[in-house]
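Commentary on secondary and tertiary structure
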Amino acid sequence: LFFTTLASSDPDESDGSYVFLFLALIAAWYAKVVWSRVPYAASTLKCAVRAVRGNFGLALLALGTVPVTVIYSVFWIVSAYGASTWECMYSTYPADSSFGTDDTYEQ
């Protein structure tokens, strides 16, 4: 399918195949450039896996704090939103309340 659209005489059909060919050439060039670094990356990965297995409790603690942090952030976002809309909700103050009795407050 790729080669038939590449060889197509209709220019509207072959535009996507040139982009695919360009990206495939970039991927092949990148693989050739980094191929010599694969053994080093593999040894680094083995060392990292050994470290995580040796300290598995620490890894679980790190993963367990993620939901706590998300809940904490959502709580403060909701609180900040509530505080920012407080005045909008109560823009008309009752006459017997303490709001609006100060001379510096002007509505």
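This structure is a prediction, so every number in the text was calculated from the model and none was measured.

Structural notes on the overall build of the protein chain
Looking only at helices and strands, the protein chain has five helices and zero strands in total. Reading the protein chain from its N end, one meets helices and strands in the order α-α-α-α-α. Roughly 9,700 Å² of accessible area belongs to the protein chain as shown, and the carbon and sulfur atoms make up 71% of that amount.

Let's talk about the packing of aromatic side chains
Under the definition given, this model contains two aromatic pairs. Relative to Trp76, the ring of Tyr72 has its centre 6.3 Å away and its plane inclined at 65°; by these criteria the two rings are edge-to-face. Residue Tyr72 and its partner Trp76 are both found in helix H4 (residues 56-84); the two are separated by four residues, about one turn of the helix. Given the relative accessible area of 52%, Tyr72 is considered exposed. Overall, Trp76 belongs to the partly exposed group, its relative accessible area being 48%. On the numbers, 5.5 Å between centres and 80° between planes, the contact of Phe75 with Trp76 is edge-to-face.

Regarding the confidence of the model for the protein chain
On average, residues of the protein chain score 80 in pLDDT, and 65% of them are at 70 or above. In the model of the protein chain, helix H1 (residues 2-6) stands out as the element of lowest mean pLDDT, 53, in contrast to helix H3 (residues 38-54), which has the highest, 93.

About the criteria used
Residues numbered from 1 in each chain as written. Predicted model: local features only at pLDDT ≥ 70, side-chain atom pairs only at ≥ 80, totals over all residues. Heavy atoms only, no water. Helix = DSSP H or I, 4+ residues; strand = E, 2+ residues; numbered from the N terminus. Areas by Shrake-Rupley, 256 points an atom, 1.4 Å probe, with all protein chains shown as cover. Phe/Tyr/Trp six-rings, centres within 6.5 Å; stacked < 30°, edge-to-face > 60°. Buried < 20%, exposed > 50% of the residue type's maximum accessible area, 1.4 Å probe, protein only. pLDDT = per-residue confidence, 0-100.

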